[in-house]
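Letter by letter, the chains look like this.
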Amino acid sequence: MSTAIEADVLGLWDRSVRAHAAAPALVTPDRVLTYRDADRLTDAWAVDLIGRGAVPGALVGLAFTDPVRTVLGMLAVLKAGAGFTVLDDRLPAAARAELVRRTAAVVWLGDGHHAPDGAHVPADGGYGPPDGGYGPARPAAAATGADVAYVLFTSGSTGRPKGTVVERDALGRFAGAVAERLELTPGDRWLQVASLGFDVLIEEVFPALAAGAAVVCRADTGALDAEELHTTMARTGTTVVELSTQYWLEYARWLDGSGASTPDALRLVVVGGERMDPRPYRAWQARQPAALAHVYGLTECTVSSTFYTGLLPADAEEVPLGTALRDVEISVRRDGRPVPDGGSGEIHIGGPLLARGFLDDEAATARRFVPDPDRDPDRGPDGAGGRLYVTGDLGRIDAEGQLVFLGRVDDQVKIRGHRLEPARVERALCEVAEVDQAVVFPDPETATALWAFTVPADAAVAPLPGEAVRLTGAERDALLAPLEAQLPDWAVPRVLYRVAVLPKSLHGKIDKRLLATWAAHRAHGRARIQDPAENPIASPTPAAAPDTVGEPLRTVLELFREVLGAPALGPDDNFFDHGGQSLLAMRLLTRLRGSFPAATGLRASALFASPTPRLLAALAAG
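Keep in mind the model is a prediction, meaning the values are calculated, not measured.

1. Regarding the pairing of strand β21 (residues 403-408)
Okay, step 1: Extensive coverage of β21 is indicated by the burial of 5 of its 6 residues.
Okay, step 2: The pairing of strand β20 (residues 387-397) with β21 spans 5 bridges and is antiparallel. When the sheet's bridge partners are listed, Leu394 is paired in β21 with Gly407.
Okay, step 3: Connecting β20 to the next strand, β21, in antiparallel fashion are 5 residues, including Gly401 with a positive phi near 85°.

Laid out in structure tokens, this is it:
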């Protein structure tokens, strides 16, 4: 479809309202909001926000418990002329308070447990018109394309989280470009899956609305396990969904294990967030009806910059990151200068989709958003401004013009005096038929040798989640033989572990510290799983299950300890207070279903209601 660039992101919305007034815009578990309904409703919200100080340049905070009102809030804020920020309900209280302070929002909308004091919900927050109708239409906003559209925060893996300021013109251009690249039509339905504080939310919402398609909203922000995801997509007629790489791998494994195919209506799965092993990618393309799109981007460049939508060749060693969206400029550089075709270097991104910079952090903005030495910084009003974003990612442009990821600049390590990209070793390990995934890093104590943690291709030989089994003898030698044939001696890992899953941090990064903890736990011997009867804190409270669940409790407690890498975890400790997150919850419930027939119907969401070993054991016992 064609999506001509409008002067403002609201131009795309207004066009969809005019062309598809009676078509669904937002699909919720209990009702459907048409474009006309959503337009009138958010007009009323915008009038309320303007009365509370939401003007161009100001920020409005959103802290709802459900995705649909978050989407309505984003639209209403843009209509008022202000910018929005979304507070992630997964953050600890202190981190939330710090982000609330830093954004200095003029008003907060929301009713979640994470909403700041003083937050409110508009009178028609139940999605229906207030008494007497929707009220006056929104006044004409004075905002320009250069005004802030939203501020979202990065993970802060290298320091405190940075607030990325994205302007309205960049958001509008991005929405139109993604709709164009993915060929979205009014018949599409895009399922909203991402956490509400994550920038993928922007990609799930605005391109669909720019195309006149519908956004399918969950009832709440709880994570969907693989089976719930599949059922939800089938029930709602979802045609497009975006999943993180690890989440997609969980879903692909579930499909293979259950002998299922993707739902009939699903036509496209967008996958990204980290390096993709070509083997599962090819396997999906050979077995599943839904197509794949591999996506690459950063919050600082308005979510996504490149897409790969091709059929991966049989001899491809990497899944390409693809080619640039309209209005995105990709270059591979060394010392700021482009490298020859096919050469490797650091990926730089330019063009009008770049963010303005970091909120109240001029020094960080200057470090990462740099002048393009080959461009005139005053070259015109297109918003590019001759700037480049320094991604910190290594890559090259292949013979087909596709961007290929080669690792991180800051992932480089020095082993015995040699510089090494761990991704190079990880790729070599993943070429071994017995290995599905791998991560490599220097040993935490001396940093003089490489450790490798591998996930086996055959799940039957995987250890329990949370357990790291050290490989020795012939098994270790078989894995290392292909590496020794192609890598120098110093680049070959000498300590290998097998794990069931590569654990993730809150923001989706591989948690190397937790892997090292699992290895140390193994080295020092596993803690004895104490019988609850011997544990003074294990006696049931009046609300807990009776003592008849003793054996299930022992099994569930062991699984909790293994998954979380916490050998001292007690029967009444909360899964989420000890590092639990959605992918670990999926893995825990999968193993639990294998141990207890009565647990077959349990979903990852059950952990929110029964987050301790004792409560979950009672549930699993039937």
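2. Remarks on the nonpolar core
Note that soluble globular proteins tend to have their nonpolar side chains buried in a common cluster.
Okay, step 1: Residues Phe84, Ile202 and Phe206 are the most contacted members of the largest nonpolar core, which totals 84 residues.
Okay, step 2: Counting residues per element, this core draws most heavily on helix α3 (residues 67-80), at 9 residues.
Okay, step 3: Discounting chain neighbours no more than four positions away, the residues touching Phe84 are Leu59, Val60, Leu62, Met74, Val77, Leu78, Ala149, Tyr150, Val151, Ile202 and Phe206.
Okay, step 4: Counting 30 residues, the second-largest nonpolar core is a separate cluster that includes Leu224, Leu266, Ala290 and Ala316.

3. Structural notes on the sheet that holds strand β8 (residues 189-191)
Okay, step 1: Read across the open sheet, the 9 strands follow the order β2-β1-β9-β8-β10-β11-β12-β13-β14; overall the sheet is mixed. Where the open sheet ends on each side, the last strands, each with one partner, are β2 (32-34) and β14 (323-324).
Okay, step 2: Sheet topology note: the strand β12 (residues 291-296)/strand β13 (residues 306-308) ladder contains 3 bridges and is antiparallel. By the bridge assignment, His294 is partnered in β13 with Tyr308.
Okay, step 3: Each of β1 (24-27), β8, β9 (214-216), β10 (240-244), β12 and β13 is contacted by helix α6 (residues 200-210), which is oriented at about 145° to β9, the strand it contacts most.
Okay, step 4: Across the sheet, helix α7 (residues 226-236) is in contact with β8, β9 and β10; its angle to β8 comes to roughly 160°.

4. Some details on the pattern of salt bridges
Okay, step 1: All told, the structure shown has 25 salt bridges when counted by the stated rule.
Okay, step 2: Between Asp43 and Lys79 there is a salt bridge, with the nearest N and O atoms lying 2.9 Å from each other. One end of the pair, Asp43, is in helix α2 (residues 35-51); the other, Lys79, is in helix α3, and 36 residues separate them in sequence.
Okay, step 3: Among the residues examined, Asp43 registers a relative accessible area of 9% and is labelled buried.

5. Points about the packing of α3 against α6
Okay, step 1: Look at α3 against α6: their axes get within 12 Å of each other, and the N-to-C directions meet at 65°. Put simply, α3 runs roughly perpendicular to α6. For the crossing formed where α3 meets α6, the hand is right-handed. Judged by residue contacts, Thr70, Val71, Met74, Leu75 and Leu78 of α3 engage Leu201, Ile202, Val205, Phe206 and Leu209 from α6.
Okay, step 2: Here the residues of the contact of α3 with α6 sort into 9 nonpolar, 1 polar and no charged.

6. What to know about the sheet that holds strand β26 (residues 469-470)
Okay, step 1: One open sheet holds the 4 strands; their spatial order is β24-β25-β27-β26, and the pairing between them is mixed. Each end of this open sheet is capped by a strand with a single partner; those strands are β24 (435-442) and β26.
Okay, step 2: Pairing geometry for β24 and strand β25 (residues 450-456), over 7 bridges, is antiparallel. Looking at the pairing, Pro442 lines up with Leu450 of β25.
Okay, step 3: Sheet strands touched by helix α11 (residues 422-430): β24 and β25. Its angle to β24, the strand with the most contacts, is close to 150°.

7. A word on the confidence of the model for the protein
Okay, step 1: Looking at the protein as a whole, the pLDDT averages 85, with 86% of positions reaching at least 70.
Okay, step 2: Segment residues 379-384: pLDDT under 50, and 8 contacts once partners within four positions in sequence are set aside and those in other chains are kept.

8. With respect to the packing of aromatic side chains
Okay, step 1: Enumeration according to the criterion identifies 16 aromatic pairs in this entry.
Okay, step 2: Centre to centre, the rings of Phe358 and Phe369 are 5.6 Å apart; their planes meet at 70°, and the pair counts as edge-to-face. With a gap of 11 residues between them, Phe358 in strand β18 (residues 357-358) and Phe369 in strand β19 (residues 369-371) connect regions that are remote in the sequence.
Okay, step 3: Since its relative accessible area comes to 6%, Phe358 is described here as buried.
Okay, step 4: Residues Phe441 and Trp451 carry aromatic rings whose centres are separated by 6.5 Å and whose planes lie at 50° to one another, so their mutual orientation is tilted. In this pair, Phe441 is assigned in strand β24 and Trp451 in strand β25, connecting sequence segments 10 residues apart.
Okay, step 5: Judged by its relative accessible area of 16%, Trp451 is buried.

9. A word on the side chain of Arg168
Okay, step 1: Take Arg168: it is sitting in helix α5 (residues 168-181).
Okay, step 2: By relative accessible area, Arg168 is classed as buried at 1%.
Okay, step 3: Of the polar contacts made by the side chain of Arg168, one reaches the backbone oxygen of Ala82; its length is 3.5 Å.
Okay, step 4: Once residues lying within four places of it in the same chain are set aside, the contact partners of Arg168 are Asp8, Val9, Leu10, Leu78, Gly81, Ala82, Ala143, Thr144, Gly145, Asp147, Val148 and Ala149.

10. Points about the environment of Ala80
Okay, step 1: Here Ala80 shows up in helix α3.
Okay, step 2: Residues Ala80 and Ala143, spaced 63 residues apart in sequence, show a C-alpha to C-alpha distance of 8.4 Å.
Okay, step 3: If we ignore the near neighbours within four places in the chain, the residues touching Ala80 are Ala46, Leu49, Ile50, Ala54, Val55, Pro56 and Ala141.

11. Here we look at the side chain of Thr262
Okay, step 1: With respect to the element layout, Thr262 can be found in the loop between α8 (245-258) and β11 (268-272).
Okay, step 2: Here Thr262 falls in the buried class, since its relative accessible area comes to 3%.
Okay, step 3: A distance of 3.3 Å separates the side chain of Thr262 from the backbone nitrogen of Ala290, its partner in a polar contact.
Okay, step 4: Every residue in contact with Thr262, bar those within four places of it in the chain, is listed here: His230, Tyr251, Leu255, Trp284, Gln288, Pro289 and Ala290.

12. Details of unusual backbone geometry
Okay, step 1: The residue Thr302 is not glycine, and still its phi comes out positive at about 60°.
Okay, step 2: Among the secondary structure elements, Thr302 is positioned in the loop between β12 and β13.
Okay, step 3: Positive phi, normally seen in glycine, also occurs at Asp360, with a value near 55°.
Okay, step 4: Note that Asp360 resides in the loop between β18 and α10 (362-368).

Parameters at a glance
- Residues numbered from 1 in each chain as written.
- Predicted model: local features only at pLDDT ≥ 70, side-chain atom pairs only at ≥ 80, totals over all residues.
- Heavy atoms only, no water.
- Buried < 20%, exposed > 50% of the residue type's maximum accessible area, 1.4 Å probe, protein only.
- Helix = DSSP H or I, 4+ residues; strand = E, 2+ residues; numbered from the N terminus.
- Pairing = 2+ DSSP bridges.
- Core = buried A, V, L, I, M, F, W, Y, C linked by side-chain atoms within 4.5 Å.
- Contact = heavy atoms within 4.5 Å.
- Axes fitted to C-alpha atoms, helices over the stretch in contact; angles between N-to-C directions.
- Salt bridge = Lys/Arg side-chain N within 4 Å of Asp/Glu carboxyl O.
- Parallel < 35°, antiparallel > 145°, perpendicular 65-115°, else oblique.
- Left-handed = near helix turned anticlockwise from the far one by under 90°.
- Nonpolar A, V, L, I, M, F, W, Y, C, P; charged D, E, K, R; others polar.
- pLDDT = per-residue confidence, 0-100.
- Phe/Tyr/Trp six-rings, centres within 6.5 Å; stacked < 30°, edge-to-face > 60°.
- Polar contact = N/O pair within 3.5 Å; in protein donor to acceptor, adjacent residues only side chain to side chain.

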